[in-house]
Amino acid sequence: MRRRHLAGAALLTLLAAQQARAQASRPDTILVVEIVGVAQQGGPGVDRKVLPYALQTTGGKDLDAARSDNLSDFMGRQLTGVNVNEISGSPFQNDVTFRGFRASPVLGTAQGLSVYLDGVRVNEPFGDVVNWDMLPEAAIDSILLVPGSNPLYGLNTLGGALALRSKSGRSHPGLEADVSYGSGGQRRADLAYGVADEHWHAFIAATLFDDLGWREHSAGRLGNVFLKLGRGEGATEWELSLLGGASRLIGNGLLPSYRWQDGGLRNGLYEEQPRAAYTFPDETRNRLRQASFKLSHRLDAGREVTLGAYVRNSRRDTVNGDVSEAYADYIADGGQGEAPHTAALNTTSTRQDSHGLSANLSGTLAAHQWIAGATFDASRVSFAQFEQAAAFSAERAVLAEPGAAREAGTSVSGASRSLGLYLSDTWRVAGATHLTASARLNHARVSNILSGAQGLQPQETFTYRKLNPSIGLAHEAGAGVTLFANVAQSNRVPTVIELGCADPAQPCRLPVGLQSDPYLKQVVARTVEAGARRQTGPGDSVSLALYRTVNRDDILFRSAGLTQQGYFSNFARTRHQGMDLSATHKFGSLTTRLSYSYLEAVYDADGQLFTGARNVQVRPGTRIAGLPRHTLKLGADWKVTPSLSVGAELLAVSDLLTQGNEDGLRADPVDGQAPQYADWRVRGYALLNLRASYRPDQRWELFVRVNNVADRRHESYGAVATDMFPNGQLLRPQDEAATARFVAPGAPRTVTAGLRYHF
């Protein structure tokens, strides 16, 4: 694979050199200057072409023109290296990956991306999860995707960082209203209004969403409001932002597909009823309140100081109907003893309070453009879980037994504090060569107190420190061509939930249990990246990046036995390496886009994974489940007339491994018997999406989009587990539980139409 990467790099460099020679003789070559921020806390920014890594930026008209369902859907279609797994089945609870690193709302997922909104970290302190439903999509102005282990973006930036910037009354004055209606009863309204004068500016945006869901029992709704008020006079500017949101989303999760029974494969519930829910309810309620303040002051022509502060309060309440652990054991034992309650109604309550401060000083000195700063973040978390005896209805609904008490389980209260000190300098070494060097010192402290059946346990406190460096070169070869290379390191410390569930002798049940808190090592990621890019205009660019990221002491959730219990532990080493290629070009009124990603995400050490249904022995080179090797995205937008525009997108992904089938087996090897092989990969697929818009005048726009035009049945994730409902019926004591491949069904063809007004 390294030879293929080197060949690709050589080919692109040769093409770029040829284009550079051709362009050198043209007097009308377009000079493009794009300023981007290199630290989430703010500052004047740096010219993108001098940075030694493959940044991706988008927003504004691109967000409007894409007509995507939501932010994660937009990134999955438009950004190179980004994929989306529809694990939960709710459009606002997608699992987003970039180069194989995740930003997910699912508790227990190995998180590896940091996400910021106007410099405020939105990874929740309890598990580093990202609640996509709590982001104010109507207020988002731009998206910056920073690749690799960039130390400037703080903890959890193992594979990259996503920085979102909001609109303001200055950038978006006037009224914007967007309403749409789509398949499955999906309704959405986005409203925004901005106003500005010489000194003051104000902006307000709101989103309302309601959906009956394309799967059974999957209705959901959300709403949020974003407000920004600011003032600028002379050398001083300040902004105050307020954000509030609430949601009630249903994520019915995976469906059992093929299972091994009576010596052969049998169809599962997915093949018979692809819109079904395995068990329900599976409901998540999120609430968020956030306030942030930023003050900027220009000290002189070359220096600027930025101060920031935020407070953030979030809560999550879940209700999950599942097969009771006692009943699963009862079936496994062949129906010995008295039959227990078949189901359990599990509920959780999570409360999180966070606040933070930041200070950022930036400036220029001769050939140097530098940034120095500090961040402080603190949070408190409380978590409690409850269980209630229940039974299943004929439709697999979990109904609480009359008079059954809600029993309290294990709970935890914890706190974390982190301090970051960082420095970055972009030095113009020569006329066309820039050296960028950065470093960040992270100091974190995590503590918690567990309570449960064993009573109140003593408080455990763990301290982590790490100095993360980064250094890279960017050389402008002429005619818009830049060659770059970079080496960087970042780290992630264990969260309260991970430390509270880290003992294999006392496994817990996610997301509803905690048992013990042994020490876990921090994750350290190192990234090497090199490539080339060329840009001659806003619509004409090409970029190639080769990368390799190695995680040491990765934190994974490992299941224990045949139940949903498990624990967090360190895994010696994982590796993500590959190639990202992207290109855009304009042919008159036609704009075309291409992106291709090759990803090799593997375990890089011997180890054993406990995946719920079986134990999987992995070796160096074993692929990580849920990540496709190849992803191709093609897009085209054609302005047919000044009023009519049409667009098309093709998304194609290769197959991906099913969790629990990484070694190609469907069951653990048994002494004296031949291995039980099974190819339970999730097959690759290609989806075509179409859209069109018509503007009768500058204020009004009618639009329509069709997703999955061919109505292709597809799946985006798979896991091996025990199917307790073969053919949709609950197992009886005389039945034998079957191992099955569970899958995340992809959405069928959907049609959405809407109206936009701008004044």
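Residues numbered from 1 in each chain as written. Predicted model: local features only at pLDDT ≥ 70, side-chain atom pairs only at ≥ 80, totals over all residues. Heavy atoms only, no water.

### Section: the overall build of the protein chain
Heads up, the rule is: Helix and strand assignments follow DSSP, with helices taken as H or I runs no shorter than four residues and strands as E runs no shorter than two, numbered in order from the N terminus. The cut-offs for exposure are 20% and 50% of the maximum accessible area for each residue type, with area from a 1.4 Å probe on protein chains only; residues under the lower value are buried, those over the upper are exposed, and the others partly exposed. In this analysis, two residues are considered to be in contact whenever any of their non-hydrogen atoms come within 4.5 Å of each other. Per-residue and other accessible areas were derived by the Shrake-Rupley procedure at a 1.4 Å probe size, with only the shown protein chains allowed to occlude residues.
Assigned secondary structure in the protein chain consists of six helices and 41 strands. Residues counted as buried form 53% of the 759 residues belonging to the protein chain. By sequence separation, contacts in the protein chain at least 24 residues apart represent 66% of the contacts at least 6 residues apart. Here the protein chain has roughly 31200 Å² of accessible surface; of this, 57% comes from carbon and sulfur atoms.

### A closer look at the packing of aromatic side chains
The test is simple: Ring pairs are drawn from Phe, Tyr and Trp, using the six-membered ring of Trp, whenever the two centres fall within 6.5 Å, and their geometry is named by plane angle: stacked under 30 degrees, edge-to-face over 60, tilted for the rest. Whether a charge sits over a ring comes down to the Lys NZ or Arg CZ being within 6 Å of the ring centre and within 35 degrees of the ring normal.
In this structure the tally under the stated criterion is eleven aromatic pairs. Taken together, Y278, F392, F725 and F742 form an aromatic cluster joined through their ring pairs. A cation over an aromatic ring shows up here: R99 above the ring of Y547, its NZ or CZ 4.0 Å from the ring centre. The ring of F386 is capped by R406, whose NZ or CZ atom sits 4.0 Å from the centre of that ring.

### Things to note about the sheet that holds strand β17 (residues 264–266)
Selection criterion: One bridge is not enough; two strands pair if DSSP finds at least two bridges between them. Between N-to-C directions, angles span 0 to 180 degrees; the directions come from axes that are lines fitted to C-alpha atoms, helices contributing only their stretch in contact.
In spatial order, the strands read β17-β16-β40-β39; together these four strands make up an open sheet with antiparallel pairing. Among the strands making up the open sheet, the edge pair consists of β17 and β39 (715–723). Taken pair by pair, the neighbouring strands of this sheet meet at an average axis angle of 25 degrees, ignoring direction. As defined by bridge partners, β39 adjoins strand β40 (residues 738–745) across seven bridges and the pair is classed as antiparallel. Across the sheet, residue A721 finds its bridge partner in β40, namely A740.

### Quick word on a nonpolar patch on the surface
Our working rule: Distance thresholds for patches are 9 Å for like charges and 5 Å for nonpolar side chains (Val, Leu, Ile, Met, Phe, Trp, Tyr), applied to residues having over 30% relative accessible area and no salt bridge. Just to be clear on terms, a salt bridge is a Lys or Arg side-chain nitrogen sitting within 4 Å of an Asp or Glu carboxyl oxygen.
On the surface, L175, Y193, V195, W200, I204, V225, L227, L229, L240, L242, F293 and F759 cluster together into a nonpolar patch covering about 1000 Å² of accessible area. Looking at the nonpolar patch, the elements with two or more residues in it are β12 (186–196), β13 (200–211), β14 (220–233) and β15 (236–250). In this fold, W200 is placed in strand β13. Given the relative accessible area of 37%, W200 is considered partly exposed.

### Structural notes on helix α3 (residues 71–78)
For α3, the tally of buried residues reaches seven of eight residues, placing the bulk of the element in the interior. Of all the residues in α3, the buried ones are L71, S72, D73, F74, M75, G76 and R77.

### Notes on helix α5 (residues 325–332)
The following threshold applies: What the arc covers is the set of directions going from the helix axis to the C-beta atoms.
Those residues of α5 that fall on the buried side of the exposure criterion are Y327, Y330 and I331. For α5, the angular spread of buried residues about the axis comes to 95 degrees, placing them on one side. Where α5 terminates, the next one or two residues include G334, which has phi positive at roughly 75 degrees.

### A look at the confidence of the model for the protein chain
Condition: Within a predicted model, pLDDT stands for the predictor's per-residue confidence, ranging from 0 to 100.
Averaged over all residues, the pLDDT of the protein chain is 87; the fraction at 70 or higher stands at 89%. Considering only residues more than four positions removed or in separate chains, one finds that residues 1–31, a stretch of pLDDT under 50, has 26 contacts. Residue range residues 511–517 is modelled with pLDDT below 50. Its contacts to residues more than four positions away, or to other chains, number 41 contacts.

### Regarding the pairing of strand β29 (residues 523–537)
Among the 15 residues of β29, eleven are classified as buried, and the element is accordingly described as predominantly covered. Of the strand pairs in this sheet, strand β27 (residues 481–492) and β29 are connected by twelve bridges, and their pairing is antiparallel. Directly across from V487, in β29, lies its bridge partner V528.

### Regarding the sheet that holds strand β4 (residues 82–85)
Taken in spatial order, the three strands of this open sheet run β4-β5-β6, and their pairing is antiparallel. Lying at the two open borders of the sheet, with one neighbouring strand each, are β4 and β6 (101–103). Sheet twist, expressed as the mean angle between neighbouring strand axes with direction ignored, is 30 degrees. Across three bridges, the pairing between strand β5 (residues 95–98) and β6 is antiparallel. Looking across to β6, one finds that F98 is bridged to F101. Contacts from α3 reach β4 and β5, with the element oriented near 130 degrees to β4.

### What about the pattern of salt bridges?
One pass over the full model with this rule turns up 35 salt bridges. Residues D128 and R121 are paired through a salt bridge, measuring 3.1 Å at the closest nitrogen-oxygen approach. As far as burial versus exposure is concerned, D128 and R121 are alike and both buried. D210 is the partner of R187 in a salt bridge, and the nearest nitrogen-oxygen pair spans 2.7 Å. Placement of the pair is R187 in strand β12 and D210 in strand β13, with a sequence separation of 23 residues. Relative accessible area serves as the criterion here: at 45%, R187 is assigned to the partly exposed category.

### Overview of the pairing of strand β7 (residues 113–117)
Burial of β7 is extensive: five of the five residues sit out of reach of the surface. A two-sided burial pattern is seen for β7, the buried positions comprising L113, V115 and L117 on one face and S114 and Y116 on the other. With five bridges joining them, β7 and strand β10 (residues 160–166) adopt parallel strand pairing. Bridge pairing in β10 links L117 to L164. Bridge count between β7 and strand β8 (residues 120–121): two bridges; the pairing is antiparallel. Paired with L117 across the two strands is V120, which belongs to β8. Turn length for the β7-β8 hairpin, with the two strands adjacent in sequence and antiparallel, is two residues, and the turn residue D118 shows positive phi of about 50 degrees.

### Overview of the nonpolar core
Operational definition: Residue types Ala, Val, Leu, Ile, Met, Phe, Trp, Tyr and Cys, when buried and joined through side-chain atoms within 4.5 Å, form a set referred to as a nonpolar core.
Among the nonpolar cores identified, the biggest contains 55 residues, and L71, M75, F126, W132, I143, L162 and L164 are the most heavily contacted of them. Beyond its immediate stretch of four places on either side in the chain, W132 contacts L71, M75, F92, N94, V96, A103, P105, V115 and L162. V323, I331, A390 and F392 belong to the second-largest nonpolar core, a separate cluster that totals 25 residues.

### Concerning the side chain of T482
Looking at where T482 falls in the secondary structure, it is placed in strand β27. T482 gets classed as buried once you look at its relative accessible area, which sits at 3%.

### Side note on unusual backbone geometry
In this structure, P281 follows F280 across a cis peptide bond, with omega equal to 10 degrees. Tracing the sequence through the fold places P281 in the loop between α4 (269–272) and β18 (282–300). Unlike most non-glycine residues, A366 shows phi in positive territory, near 55 degrees. Relative to the helices and strands, A366 resides in the loop between β20 (343–365) and β21 (368–392). Assessed through its relative accessible area of 81%, A366 is described here as exposed. Here the phi dihedral of A479 falls at roughly 55 degrees; this positive angle occurs in a residue that is not glycine. Among the secondary structure elements, A479 is positioned in the loop between β26 (460–478) and β27.

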